[in-house]
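# Residue-level structure breakdown
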Amino acid sequence: MNHYFAIALVTALAIVAPSGDAYAQGKTKLANIARLKGQEENVLRGIGLVVGLNGTGEANDPATMRALSRALELMGNPVTSTGRFDQEAQQALRNIKNVSLVTVTATIPATGVRSGERLDCTVAALNGKSLVGGQLITAALQGPNTQDPSVFALCEGLLQVNDPTTPTVATIHHGCQMVRDHHTPFVSEDGWVTVVLDPHHASFSVAESVADKVGNLYMEDFLDEPIEYEEVRERFVRPIDAANIRVKVPTKFATDPVAFVSELLNADLYDAAPEARVVCNTRTGSIVISGNVEIGDVVYTHRNLVVEAQAANSFLAVTPGDTSRPKLEKLVAALANLRVPANDVIEIIRGINDLGLLHAKLVIL
């Protein structure tokens with residue numbers, strides 16, 4: 001026999017003047033939801049050789065043999081006197097089992113890096129069974145533009161395998177030394193900066209809100225003489241799309257753009273709420289609900305459950321602006337009280353979403 005329960009979820013509406021606390025709860029810094037274009041991490045890449053392996057390497061392939069032959073030649077010990085990679089050289093290298101060909105990567109932080117600084121690097125084997133006990137001999141890293149052949153860093157050092165279940169991936173702490181500066185400019189040549197909203201806050205409404213805030217904040221700084229707000233928006237603050245807002249560096253900050261960016265990113269925003277989301281992890285059974293997610297009136301049958309969620313007085317006319325709708329968090333809480341398994345709750349949420357009655361973006365992991 002099926003168990004039946006109805007959940008009538010009603011939101012009590014109170015029209016009150018917004019208090020200081022209400023504003024404070026919705027306040028955030030622009031730096032918390034955005035970054036500047038140009039201030040991004042970059043990855044350097046290269047190919048190297050790991051030696052010192054305890055029989056877990058593999059040199060019996062043309063790529064590794066050529067790389068090993070080249071490394072020996074650079075260190076003054078060429079495999080052949082003629083310099084040609086012939087059959088004799090192949091035979092000399094074929095049985096080596098303590099070397100592995102690897103890829104090497106290092107991440108440059110968003111703030112850039114100077115010559116001589118050291119970074120951690122990641123090493124991944126292209127062949128062989130394990131990198132445990134190995135040592136990377138010098139690997140030259142290029143990039144982040146793969147079309148640029150310039151060497152940005154040199155890497156070497158003892159490998160540390162962090163996960164025994166993946167012995168073909170290792171790290172070298174501070175094993176990458178920069179040989180070139182890598183700057184991350186944030187001001188364009190014509191004096192503009194671009195504010196990039198993070199993916200969870202990128203929307204046309206938030207972009208417009210940021211543009212309005214910047215326009216009001218720096219209205220008197222963009223020109224020496226007073227100008228209309230509409231002219232500020234047209235000439236100095238330009239929302240490009242849902243994620244990008246271009247801002248002209250004001251005249252008084254022309255020689256100190258860092259001060260302008262510091263002040264800009266520290267600006268307070270009050271209406272930058274991200275889109276509503278529901279994240280369900282089917283492996284762990286966790287459900288994360290952002291904000292006050294509403295659902296439409298629904299009757300849902302799942303296994304031995306019949307779930308009814310609806311607003312009170314749903315047959316009466318709805319007042320414009322009334323948000324007395326069932327809330328997903330109340331439904332999930334009610335199901336939890338009935339000891340409904342988490343995976344069943346996730347299936348119910350998925351079904352509500354498939355009906356188009358979940359007023360949020362559903363993410364299933």
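I will try to describe carefully the structure that is included in this document. (Residues numbered from 1 in each chain as written. Predicted model: local features only at pLDDT ≥ 70, side-chain atom pairs only at ≥ 80, totals over all residues. Heavy atoms only, no water.)

## A word on the overall build of the chain
Assigned secondary structure in the chain consists of 9 helices and 18 strands. Within the chain, buried positions represent 38% of all 365 residues. Contacts spanning at least 24 positions in sequence make up 72% of the contacts within the chain whose residues lie at least 6 apart. Carbon and sulfur atoms form 52% of the exposed surface of the chain, whose accessible area is close to 20,900 Å². (Helix = DSSP H or I, 4+ residues; strand = E, 2+ residues; numbered from the N terminus. Buried < 20%, exposed > 50% of the residue type's maximum accessible area, 1.4 Å probe, protein only. Contact = heavy atoms within 4.5 Å. Areas by Shrake-Rupley, 256 points an atom, 1.4 Å probe, with all protein chains shown as cover.)

## Quick word on the sheet that holds strand β15 (residues 286-289)
The strand order β15-β14-β18 describes an open sheet built from 3 strands, whose pairing is mixed. The sheet is open, and its two borders are formed by β15 and β18 (361-364), each paired with just one other strand. Each strand axis lies, on average, 10° off the axis of its neighbour in the sheet, ignoring direction. With 4 bridges joining them, strand β14 (residues 277-281) and β15 adopt antiparallel strand pairing. Directly across from V279, in β15, lies its bridge partner V288. Strands in contact with helix α9 (residues 342-354) are β14, β15 and β18; relative to β18, the strand with the most contacts, it is inclined by about 140°. (Pairing = 2+ DSSP bridges. Axes fitted to C-alpha atoms, helices over the stretch in contact; angles between N-to-C directions.)

## Some remarks on the pairing of strand β12 (residues 244-248)
Pairing geometry for strand β10 (residues 192-197) and β12, over 5 bridges, is antiparallel. The residue of β12 that forms the bridge with T194 is R246. Bridge analysis of strand β11 (residues 237-239) against β12 gives 3 bridges, and the strand direction is antiparallel. When the sheet's bridge partners are listed, V237 is paired in β12 with V247. Between β11 and β12, which pair antiparallel in sequence order, lie 4 residues.

## Quick word on helix α7 (residues 257-265)
Every α-helix carries 3.6 residues per turn, so stepping three or four residues along brings you back to the same face. Residues of α7 that are buried include every one of F260, V261, L264 and L265, and no others. Along α7, the residues classed as buried sweep out an arc of 120° about the axis, all on the same side. Buried residues along α7 sit against β2 (28-29), α2 (30-33), β3 (34-36), β10, α5 (204-217) and β12. (Arc of directions from axis to C-beta.)

## A word on the pattern of salt bridges
Here the structure, examined in full by the defined rule, presents 5 salt bridges. A salt bridge links E40 to R35, with the shortest nitrogen-to-oxygen separation between them at 2.9 Å. You can call R35 partly exposed: its relative accessible area is 35%. The residue D181 makes a salt bridge to R114 at a minimum N-O spacing of 3.3 Å. Of this pair, D181 sits in the loop between β9 (169-178) and β10 while R114 sits in the loop between β5 (99-108) and β6 (118-125), and the two are 67 residues apart along the sequence. (Salt bridge = Lys/Arg side-chain N within 4 Å of Asp/Glu carboxyl O.)

## Some details on the side chain of S130
Inspection of the secondary structure assignment puts S130 in the loop between β6 and β7 (135-142). In this structure the side chain of S130 is engaged in a polar contact, spanning 3.1 Å, whose partner is the backbone nitrogen of V132. Apart from the residues lying within four places of it in its own chain, the contact partners of S130 are L53, T56, P167 and T168. (Polar contact = N/O pair within 3.5 Å; in protein donor to acceptor, adjacent residues only side chain to side chain.)

## Focus on the packing of aromatic side chains
Taken as a whole and judged by the stated rule, the model has 1 aromatic pair. Ring plane angle 45° and centroid distance 5.5 Å describe the contact between F253 and F260, whose orientation is recorded as tilted. When sorted by exposure, F253 lands in the same class as F260, which is buried. (Phe/Tyr/Trp six-rings, centres within 6.5 Å; stacked < 30°, edge-to-face > 60°.)

## Some details on the environment of E220
Position of E220 relative to the elements: it lies in the loop between α5 and α6 (229-235). The class of E220 is exposed, set by a relative accessible area of 72%. For the pair formed by E220 and P250, sequence separation is 30 residues and the distance between their alpha carbons is 9.2 Å.

## Overview of unusual backbone geometry
Most peptide bonds take the trans form, and the phi angle of most residues other than glycine is negative. Even without glycine at this site, H174 takes up a positive phi of about 55°. Looking at the element boundaries, H174 is found in strand β9.

## Regarding a nonpolar patch on the surface
A cluster of nonpolar side chains, contributed by V151, L154 and V179, occupies part of the molecular surface with about 200 Å² of accessible area. With respect to the helices, strands and loops of the structure, V151 is situated in strand β8 (residues 151-158). (Patch = residues over 30% accessible without salt bridge, like charges linked within 9 Å, V, L, I, M, F, W, Y side chains within 5 Å.)

## A closer look at the nonpolar core
Grouped together as the largest cluster of nonpolar side chains are 24 residues, with contacts concentrated most on L30, L197, V210, I245, F260 and L264. Counting residues per element, the ones that place at least two in this core are α2, β3, β10, α5, β12 and α7. When residues of this core are assigned to their parent elements, the largest contribution, 5 residues, is made by α5. Once you skip the residues sitting within four places of it in the chain, I245 turns out to touch V193, T194, V195, L197, A207, V210, A211, V237, R238, P239 and I240. (Core = buried A, V, L, I, M, F, W, Y, C linked by side-chain atoms within 4.5 Å.)

## Some words on α9
The terminal C-alpha atoms of α9, which comprises 13 residues, lie 18 Å apart, in line with the 18 Å expected from a rise of 1.5 Å per residue. When we look at burial in α9, the residues that qualify are D344, V345, I346, I348, I349, G351 and I352. Where α9 ends, the next residue or the one after it, G356, has phi of about 80°, a positive value. (Expected span 1.5 Å × (residues − 1).)

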